[in-house]
Amino acid sequence: MTRTTTVRAAAEVALGRQRAPQHDAGPHMVSYLRAANVKDGVLDLTDVKQMNFSPAEQQIFSLRPGDVLVTEGSGSLRAVGASAVWRGEIEETICFQNTLLRMRPRDGITDGRFLEWWARSAFGSGLFASIATGANIYHISAERVRSLPIELPPLEKQRRIADFLDAETARIDKIAVLQKRVSDRLTERDNALRDGLLDRLIDAEGEIPLRRLTSGIEQGASPQCDATPRESRHEWGVLKLSAVKRGTFDPGENKKLPDDAVLETTYEVRPGDFLVTRANTPNLVGDVAVVGRNAERLLLPDLIYRVRLANDVNAEFISQVALGRRLRTLIESVARGSSQSMVKLRGEDIKSWPIPRATRTQQDELVKAMHDGTAATTQLKSLVRQQLTLLAERRQALITAAVTGQFDVSSASGRNVTEGVSV
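For clarity, every value in this text was computed on a predicted model and none was experimentally measured. (Residues numbered from 1 in each chain as written. Predicted model: local features only at pLDDT ≥ 70, side-chain atom pairs only at ≥ 80, totals over all residues. Heavy atoms only, no water.)

Section: the nonpolar core
Counting 43 residues, the largest nonpolar core has V7, M103, W118, F128, I140, V145 and L165 as its most contacted members. Considering each element in turn, this core owes the most residues, seven residues, to helix 3 (residues 112-124). Contacts of V7, omitting those with residues within four sequence positions, involve V13, M103, W118, V145, R146, L148 and I150. In terms of nonpolar packing, the next biggest core, distinct from the first, is built from 33 residues, L201, L213, V321 and I350 among them. (Core = buried A, V, L, I, M, F, W, Y, C linked by side-chain atoms within 4.5 Å. Buried < 20%, exposed > 50% of the residue type's maximum accessible area, 1.4 Å probe, protein only. Helix = DSSP H or I, 4+ residues; strand = E, 2+ residues; numbered from the N terminus. Contact = heavy atoms within 4.5 Å.)

Given below as structure tokens:
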């Protein structure tokens, strides 16, 4: 019989070991996981760091297969509480840092896979976010997680629920993968159209360096900001790197400027500004966008350049050139950095970009050809995004309904269990 209890009764919840300078070296260096390694349902093990754990500490903080790792703190309410399961992916002792909580199912009481799905539900439904406290960094704390309610059916039913969710979410994920492939093919078509237009223009007119079309480059400033975006256009915000993405400007990607912060209005972005990301991963650095008319009281951060173009230059034309295959290859080759996870561009690198020699009329014609040629694919990609959103909502509703006992998985099918469940 299902009983309502607390996470404390279902799992041992522990906070990881704090990172400190004295642990950076020592005789017992051990790999450990941190918040950056935990995504929603996935462990990212591409960058696993080490610190010194004594043998006694290894006994306390080591992981074993089946442990559920939960992000304890984050600068965003949308990220705090993300969870994934350690399945012994690395065959050595692995510990965890205090940016994570370890939920270890209690033997004979809780099935590990059921606990995994419960944690996914607590994250996706906002349960973890509801207990988070903090200003710039939100924390959920081990004690508050221990006190959360959980519907705990008998072990055998827990296993059936886990089996059901494994199968049904895999089916939804497969559909999502197919939808993403459609979007990728549409993007490839748009890229081919752009490259063809640019290649023909370059072959006919040649190239000149961007410096001949600019009057200057500047970067902004990044004061200490709130972790959340501004609530209205009447407030000031500082743009995030994600505001500039693949030729699109997203004003919603910002951090609220505190009321007591120094306001540098000279860094306010204006409609028509051409922006270039100064630092990012190799495949994203040098990303571009033109500020749209919906920008107001948004400030340029220090990781984004504003390139001031001459009056007779169409910023959208320069944006299309920067998105083209030729220039993207060059950008990625000249970006500098000691780590492949974050590289930088200098202003001189940008000024050296080869740009097709084109009159304003030719620039406008290329931009129009791109808009006309991608109108249909843009609409189709929008439909794909809507479908992916609906699939994600259905997936979350299915998980929450199953772990909270809203239906009996013994007789349910994922194709109809979400009827009557709000998505």
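That shown, we press on.
A short note on the packing of aromatic side chains
Under the counting rule described, the total for this entry stands at four aromatic pairs. With 5.6 Å between their ring centres and 65° between their planes, F164 and F407 make a pair best called edge-to-face. Residue F164 is found in helix 6 (residues 155-205), and its partner F407 is found in the segment after helix 10 (360-403); the two are separated by 243 residues along the sequence. The class of F164 is buried, set by a relative accessible area of 10%. You can call F407 buried: its relative accessible area is 14%. Ring pairing ties together the aromatic residues F53, F61 and F96, which thus form one cluster. Over the ring of F53 we find R17; its NZ or CZ atom is 4.2 Å from the centre of that ring. (Phe/Tyr/Trp six-rings, centres within 6.5 Å; stacked < 30°, edge-to-face > 60°. Lys NZ or Arg CZ within 6 Å of the ring centre and 35° of its normal.)

Thoughts on the pairing of strand 18 (residues 274-277)
Every second residue of strand 18 is oriented toward a common face, with F274 and V276 on one face and L275 and T277 on the other, all of them buried. With three bridges joining them, strand 18 and strand 20 (residues 288-290) adopt antiparallel strand pairing. Along strand 20, the bridge assignment pairs L275 with A289. Pairing analysis gives four bridges linking strand 18 to strand 22 (residues 304-309), with the strands arranged antiparallel. Of the residues in strand 22, the one forming a bridge with T277 is I304. (Pairing = 2+ DSSP bridges.)

Some words on the layout of surface pockets
As a volume, the largest pocket reaches approximately 1,400 Å³. For the largest pocket, the lining is made up of 38 residues, of which K245, R246, G247, T248 and K381 are closest to its centre. Secondary-structure elements contributing two or more residues to the lining of the largest pocket are helix 6, strand 16 (248-249), helix 7 (315-323), helix 8 (325-334) and helix 10. Ranked by residue count, the leading element in the lining of the largest pocket is helix 10, at nine residues. A per-class count over the lining of the largest pocket returns seven nonpolar, 15 polar and 16 charged. Size it by volume and the second largest pocket reaches roughly 710 Å³. Lining the second largest pocket are 27 residues, and of these K240, L241, S242, E253 and K255 sit closest to its centre. When residues of the lining of the second largest pocket are traced back to their parent elements, those giving at least two are strand 14 (237-239) and strand 17 (254-256). (1 Å grid on protein atoms, 1.4 Å probe; cavity = no way out; pocket = protein on both sides within 12 Å on 5 of 7 lines; lining within 4 Å. Points joined across faces, edges and corners; volume = space filled by probe spheres on them. Nonpolar A, V, L, I, M, F, W, Y, C, P; charged D, E, K, R; others polar.)

Regarding the confidence of the model for the chain
Overall, the predicted model of the chain reaches an average pLDDT of 91, with 96% of residues at or above 70. A low-confidence stretch, residues 417-423 (pLDDT under 50), is modelled with 14 contacts involving residues beyond four sequence positions or located in other chains. (pLDDT = per-residue confidence, 0-100.)

Here we look at the pattern of salt bridges
Charged atoms that come close allow side chains of opposite charge to pair. Here the structure, examined in full by the defined rule, presents 35 salt bridges. When the shortest N-O distance is used, the salt bridge between R17 and E57 registers 2.9 Å. One end of the pair, R17, is in the loop between strand 2 (11-15) and strand 3 (29-33); the other, E57, is in helix 2 (residues 55-61), with 40 residues separating them in the sequence. On the basis of relative accessibility, which here comes to 6%, the residue R17 falls in the buried class. For R159, the salt bridge goes to D111, with nearest N and O atoms at 3.6 Å. Of this pair, R159 sits in helix 6 while D111 sits in the loop between strand 9 (100-105) and helix 3; the two residues are 48 residues apart in sequence, bridging distant segments of the chain. On the basis of relative accessible area, R159 is assigned to the partly exposed category, the value being 34%. For D111, a relative accessible area of 12% translates into the label buried. Residues participating in the shared-partner salt-bridge network are D195, D199, R325 and R326. (Salt bridge = Lys/Arg side-chain N within 4 Å of Asp/Glu carboxyl O.)

Details of helix 7
With eight of nine residues buried, helix 7 lies mostly within the body of the structure. Taken together, the buried positions of helix 7 are A315, F317, I318, S319, Q320, V321, A322 and L323. The opening residue of helix 7 is N314, an N-cap whose side-chain oxygen sits 2.9 Å from the backbone nitrogen of E316. (Polar contact = N/O pair within 3.5 Å; in protein donor to acceptor, adjacent residues only side chain to side chain.)

Points about the environment of P282
Mapped onto the elements of the fold, P282 is located in the loop between strand 19 (279-280) and strand 20. For P282, a relative accessible area of 19% gives the class buried. A C-alpha to C-alpha distance of 29 Å links P282 and A392, two positions 110 residues apart in sequence.

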